[in-house]
Protein chains: 2
Amino acid sequence: MTSPAAGPTKILLPESRIPRQWYNVLADLPTPPPPPLHPATREPVGPEDLAPLFPMDLIAQEVSTERYIDIPDDVIDVYRLWRPTPLIRAHRLERALRTPARIYYKYEGVSPVGSHKPNTAVPQAYYNAVQGIRRLTTETGAGQWGSALAFACAQFGLDCEIWMVRASYDQKPYRRSMMEAYGARVHASPSEVTSAGSKIRAADPASTGSLGIAISEAVEVAGGADDTRYALGSGLSHVLMHQTVIGQEALEQLAMVEETPDLIVGCTGGGSNFAGLFLPFLREKLAGRIDPVIRAVEPTACPSLTRGHYAYDFGDTAGFTPLLKMHTLGHDFVPDPIHAGGLRYHGMAPLLSHLYDEGVFDAVAKPQRECFDAGVLFARTEGIMPAPEPTHALAAAIEEARRCAETGEPKVILTALCGHGHFDMAAYDRYLSGQMDDLELSQERIDTALTRLP
Amino acid sequence: MTSPAAGPTKILLPESRIPRQWYNVLADLPTPPPPPLHPATREPVGPEDLAPLFPMDLIAQEVSTERYIDIPDDVIDVYRLWRPTPLIRAHRLERALRTPARIYYKYEGVSPVGSHKPNTAVPQAYYNAVQGIRRLTTETGAGQWGSALAFACAQFGLDCEIWMVRASYDQKPYRRSMMEAYGARVHASPSEVTSAGSKIRAADPASTGSLGIAISEAVEVAGGADDTRYALGSGLSHVLMHQTVIGQEALEQLAMVEETPDLIVGCTGGGSNFAGLFLPFLREKLAGRIDPVIRAVEPTACPSLTRGHYAYDFGDTAGFTPLLKMHTLGHDFVPDPIHAGGLRYHGMAPLLSHLYDEGVFDAVAKPQRECFDAGVLFARTEGIMPAPEPTHALAAAIEEARRCAETGEPKVILTALCGHGHFDMAAYDRYLSGQMDDLELSQERIDTALTRLP
């Protein structure tokens, strides 16, 4: 028996402290990120180009330079189902590491779908509903984002139609069942219901699909119907802004225990979870009140920040989207099938890419076995089984805590546990049975993908 | 858009309000439940009969008549990872039902394994650890209890060995992976590592196992080694007592919003979740301070309270346990394969059976499609996907709320949402695709099973 830890484990905020505004970092940046460009003209894309896909309120948020944007009461009313989320001191993990560091994690797995994704799915559904839109379309890989949007649509009485990558649709039926339980209609992509999908199936009847194909299908259906719009789970600035509820709460929770972070670390796929955590702290850093190191952690199998180029590229594989200035591995780079499906994206959000280019945060890449080492240690000490994505952040947090054990520094480490792993036990099974590979990525593959930048 | 609900959604307690004591209802009962009997002598079983299987502290708790038993600091230190759990007002469900009733649910799915089971797994592991025991054994069906015990053993450095019904081991690998991620060793039952299992495999190499067989294996190993004991997830009085943290918190949370329950409703398999919720309220009722109706909900496929006999019977199928006076369908009754695996047990906890016999609570049985109707309505309104077990309680709560919509009564309904359904999406899939059956149970099958009561 060890003696019980001093100080609280969970730092909780009352419901009344759900943030009433999102924080828009664009207001505080000396230079804005480069704008999206039309692929044909290479001119900046205007609101009218985006109107067939997004409601006007979200288009306005995408380019707003207001520092704070009010969260509608109806959105807060849904956030109340799980927000504020707990900030948890990892006492038991610290003890196992014999570290003087103090580790805190902001736990987003308490949401109904088990991840941070509803933070943006709910306002996206709301703004579409108030504009009179009847139906939202989207794509999903393993189903994390799709289930969040299906939940959000159920809350606002919207139909929800989701194109799910066929390989996942066939092999991972449980998130599909979840979307359907929320009332969404789920298509295996490529499907016969779009011309994009039909063409691909005609050429290759056995196609197992890709996120890029699924995006094309969802966008085609949204663009072709007046009562339908498209929603996406990461990448754009308004999506990142919606996630700032995470960091705003964490800032207040750390203040409650009189702590200031020395390191803020999060995992990055498109970047929305990481941005949601650190942007409110960046505001404080820019104002000179705190000075944390901020660190992104990406998989070595998909290292857009650490090994990509900062260049204009397409957001999707097929090249249908505007050109976005971002850290990219090339729009037709297909990452190896690591288990952190949410981190398998060729590019980084343009806003984050700009901040990385300005040196606001650093980045490291981690191989997946080191991440699962961290995930299992975390589960056995803290109890929560992390999703594969946040094990990347945990691996980097643990690395820093071990460093502190050597140096004796009592650093305060803040990380985001963006989701639980109850839908990802097959990945743990592979890890525990010794069948997991680190999937090394050759420079040649990256170089080849980068030659096809537009 | 509807207007946001008045009043809070989540009623939260600070960590300092985790109960410091379990409530032992035996102190407040006019008559105690009939004692367990030795099958050969039909004499009451003594502590010495139980010592090979349980540590002395738990044996003492099983027969204690102290009203309150202190929760050790080391147990509270683990409870802090998720307790106190939220009490949630189901505003959005109420609106969908257009009911004047106010519905509250105590949500235990925030625990690391997603259910109420760790409330007892943690103290069971603790008391074994302080007695110097090195290893715990147990059985598990679909894995809910096994994963809770594996988590608890990881917290106290105990080895954990689990016999999992082979049908589930083969078909539902994800909870097995979870147990292994926590460090437990999981055997498909019947296994070759026990003589009980070996005999069954010799007679029937294709045996897919049963909970009764798995119990026999776990008990055999625990009984045969000095450093090993056995743990169980429901049924015994100390297990029910550990769960009273649920109701004690709920009592305080309802008081915070100045509410008194008119109906308390929970699902019953062995009965530990239901007992954990209502026993602290029963204390208040016995003292004349409140007067709620208390209602158990069981599946029509396994109706021990509503259609069983109140008689002495074995706790396991093979007849190795002491005789327990309980509402039973007969120890060799095999319930049809409903999806609420946690409610597929032939008997009811002896303590609850005694209280039911005394008229302390009433009971209803629900067919599984009505329960999944309730589960899907709940998911689409409240967001949380309930496990199949608590959909039984939700179905009865919704029934009462609809009655209130007719009569205009603003009743306060309290229920326990004992776990999330993220491991049970296959069941929702069957329901949504129209393949779910209500599995009617004939009187003849019950009569036949009851003829074999000892």
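You'll find the structure just up there.
Here is a short report on the structure shown in this document.

A count of helical and extended segments in chain A gives 19 helices and 15 strands. C-alpha extents for chain A along the principal axes are approximately 65 × 50 × 40 Å. Looking at chain A as a whole, 63% of its 454 residues are labelled buried. For chain A, the exposed area adds up to about 15600 Å²; of that, 50% sits on carbon and sulfur atoms. In chain A, 40 side chains carry a positive charge and 55 a negative one; their mean positions are 5 Å apart.

As a further point, take the packing of helix α8 (residues 173-181) of chain A against helix α18 (residues 425-432) of chain B. Orientation of α8 of chain A relative to α18 of chain B, taken along the N-to-C sense of each, is 50°, at an axis distance of 9 Å. Here α8 of chain A lies oblique to α18 of chain B, going by the angle between them. Relative to α18 of chain B, the crossing made by α8 of chain A is left-handed. Residues Tyr174, Arg176, Ser177, Met178, Glu180 and Ala181 of chain A of α8 of chain A form the contact with α18 of chain B, whose participating residues are Met425, Ala426, Tyr428, Asp429 and Leu432 of chain B.

This next bit is on the relation of the copies chain B and chain A. Superposition record for chain B on chain A: RMSD 0.0 Å, screw rotation 180°, translation along axis 0.0 Å. Here the transformation between the copies is reduced to the relation of a two-fold axis. Mapped onto chain A, 100% of the interface residues of chain B again fall at the interface, so both copies present the same surface.

All names here are of chain B. The strand order across the open sheet built from seven strands is β1-β4-β5-β15-β10-β11-β14, with neighbouring strands paired in mixed fashion. The open sheet terminates on both sides in strands that have one partner only, identified here as β1 (10-11) and β14 (362-366). Against the sheet, helix α12 (residues 244-256) engages β1, β4 (87-89), β5 (102-107) and β15 (412-417), with an angle of about 140° to β5.

On to the environment of glutamine 248 of chain A. All names here are of chain A. Tracing the backbone shows glutamine 248 in helix α12 (residues 244-256). Sequence-wise, glutamine 248 and alanine 318 are 70 residues apart; in three dimensions their C-alpha atoms are separated by 37 Å. In this structure, glutamine 248 is in contact with Pro19, Gln21, Trp22, Tyr23 and Pro280, ignoring residues within four places of it in sequence.

If you look at the interface, chain B gives 58 residues, while chain A gives 58 residues. For the pair chain B and chain A, the two sides together bury roughly 4600 Å², of which 55% comes from carbon and sulfur. At the junction of chain B and chain A, the tally comes to eight salt bridges. Arginine 95 of chain A is the partner of aspartate 77 of chain B in a salt bridge, and the nearest nitrogen-oxygen pair spans 3.4 Å. Linking chain B to chain A there are 32 residue pairs in polar contact (both at pLDDT 80 or more). At the level of elements, α3 (73-79), α4 (91-97), α5 (118-130), α6 (144-155), α8 (173-181), α16 (368-382) and α18 of chain B are the ones that each hand at least two residues to the side of chain B that touches chain A. When residues of the side of chain B that touches chain A are assigned to their parent elements, the largest contribution, six residues, is made by α8 of chain B. Within the side of chain B that touches chain A, the residues separate by chemical class into 31 nonpolar, 13 polar and 14 charged.

All names here are of chain A. Under the criterion given, the structure shown has 62 salt bridges over all chains. Here glutamate 252 and arginine 17 are joined by a salt bridge, their closest N and O atoms 2.7 Å apart. One end of the pair, glutamate 252, is in helix α12; the other, arginine 17, is in the loop between β1 (10-11) and β2 (21-23), and 235 residues separate them in sequence. Look at arginine 17 and you get partly exposed, because its relative accessible area is 42%.

According to the stated counting rule, one finds 31 aromatic pairs over all chains in the structure shown. Centroid distance tryptophan 82 of chain B to phenylalanine 151 of chain B: 6.0 Å. Interplanar angle 70°. Geometry classified as edge-to-face. In this pair, tryptophan 82 of chain B is assigned in the loop between α3 and β4 and phenylalanine 151 of chain B in helix α6, connecting sequence segments 69 residues apart. Residue tryptophan 82 of chain B shares its accessibility class with phenylalanine 151 of chain B, and that shared class is buried. An angle of 70° between the planes, with centres 5.2 Å apart, marks the rings of tyrosine 126 of chain B and tyrosine 127 of chain B as edge-to-face. What makes tyrosine 126 of chain B buried here is its relative accessible area of 11%. A network of ring pairs unites the aromatic residues Trp22, Tyr126, Tyr127 and Phe156 of chain A as a single cluster. It is lysine 325 of chain A that lies over the ring of tyrosine 310 of chain A; its NZ or CZ is 4.4 Å from the centre. If you follow arginine 175 of chain B out to its NZ or CZ, it ends over the ring of phenylalanine 423 of chain B, 4.0 Å from the centre.

Here the focus is the environment of phenylalanine 378 of chain A. Residue and element names in this part refer to chain A. By the element assignment, phenylalanine 378 lies in helix α16 (residues 368-382). By relative accessible area, phenylalanine 378 is classed as buried at 1%. Placed 284 residues apart in sequence, phenylalanine 378 and glutamate 94 show a C-alpha to C-alpha distance of 10.0 Å. Leaving out residues up to four positions away in the same chain, phenylalanine 378 has contacts with Leu93, Tyr105, Gly383, Ile384, Pro386, Leu394 and Leu417.

A separate point is empty space enclosed by the protein. Within the structure shown, the criterion is met by eight cavities of 30 Å³ or more. Its residues placed into classes, the lining of the largest cavity shows 22 nonpolar, eleven polar and two charged.

Right, let's get into helix α10 (residues 211-223) of chain B. All names here are of chain B. In this model α10 runs 18 Å from its N-terminal to its C-terminal C-alpha over 13 residues, within 8% of the 18 Å that 1.5 Å per residue would give. For α10, every residue scored as buried is listed here: Gly212, Ile213, Ala214, Ile215, Ser216, Glu217, Ala218, Val221 and Ala222. Residues of α10 that are buried sit in contact with β6 (135-140), β7 (159-165), β8 (185-189), α9 (195-203) and β9 (228-230). The opening residue of α10 is serine 210, an N-cap whose side-chain oxygen sits 3.2 Å from the backbone nitrogen of isoleucine 213.

Residues and elements named next belong to chain A. Burial analysis of strand β6 (residues 135-140) places five of its six residues in the buried class, the great majority of the element. Inspection of the sheet shows β6 paired to strand β7 (residues 159-165) by six bridges, in the parallel sense. Paired with threonine 140 across the two strands is methionine 164, which belongs to β7. On the question of chirality, the crossover connecting β6 to the parallel β7 by way of helix α6 (residues 144-156) is right-handed. Relative to strand β9 (residues 228-230), β6 runs parallel, the two being bridged by three bridges. When the sheet's bridge partners are listed, threonine 137 is paired in β9 with tyrosine 230.

Residues apart from glycine generally show negative phi values, whereas peptide bonds are mostly found in trans. Cis peptide bonds are those with omega within 30 degrees of zero, and the linkage from arginine 83 of chain B to proline 84 of chain B qualifies with -10°. Along the polypeptide, proline 84 of chain B turns up in the loop between α3 and β4. For arginine 42 of chain A, which is not a glycine, the phi torsion comes out positive at approximately 55°. For glutamate 258 of chain A, which is not glycine, the phi dihedral falls at a positive 55°. Take glutamate 258 of chain A: it is sitting in the loop between α12 and β10 (263-267). On the basis of relative accessible area, glutamate 258 of chain A is assigned to the exposed category, the value being 73%.

Criteria and thresholds
- Residues numbered from 1 in each chain as written.
- Chains lettered and ligands numbered in written order.
- Predicted model: local features only at pLDDT ≥ 70, side-chain atom pairs only at ≥ 80, totals over all residues.
- Heavy atoms only, no water.
- Helix = DSSP H or I, 4+ residues; strand = E, 2+ residues; numbered from the N terminus.
- Buried < 20%, exposed > 50% of the residue type's maximum accessible area, 1.4 Å probe, protein only.
- Areas by Shrake-Rupley, 256 points an atom, 1.4 Å probe, with all protein chains shown as cover.
- Lys, Arg positive; Asp, Glu negative; His and termini not counted.
- Charge placed at Lys NZ, Arg CZ, Asp CG, Glu CD.
- Axes fitted to C-alpha atoms, helices over the stretch in contact; angles between N-to-C directions.
- Parallel < 35°, antiparallel > 145°, perpendicular 65-115°, else oblique.
- Left-handed = near helix turned anticlockwise from the far one by under 90°.
- Contact = heavy atoms within 4.5 Å.
- Least-squares fit on C-alpha atoms with pLDDT ≥ 70 in both.
- Pairing = 2+ DSSP bridges.
- Buried area = accessible area lost by both parts, 1.4 Å probe.
- Salt bridge = Lys/Arg side-chain N within 4 Å of Asp/Glu carboxyl O.
- Polar contact = N/O pair within 3.5 Å; in protein donor to acceptor, adjacent residues only side chain to side chain.
- Nonpolar A, V, L, I, M, F, W, Y, C, P; charged D, E, K, R; others polar.
- Phe/Tyr/Trp six-rings, centres within 6.5 Å; stacked < 30°, edge-to-face > 60°.
- Lys NZ or Arg CZ within 6 Å of the ring centre and 35° of its normal.
- 1 Å grid on protein atoms, 1.4 Å probe; cavity = no way out; pocket = protein on both sides within 12 Å on 5 of 7 lines; lining within 4 Å.
- Points joined across faces, edges and corners; volume = space filled by probe spheres on them.
- Expected span 1.5 Å × (residues − 1).
- Right-handed = clockwise from strand over helix to strand, strands pointing away.

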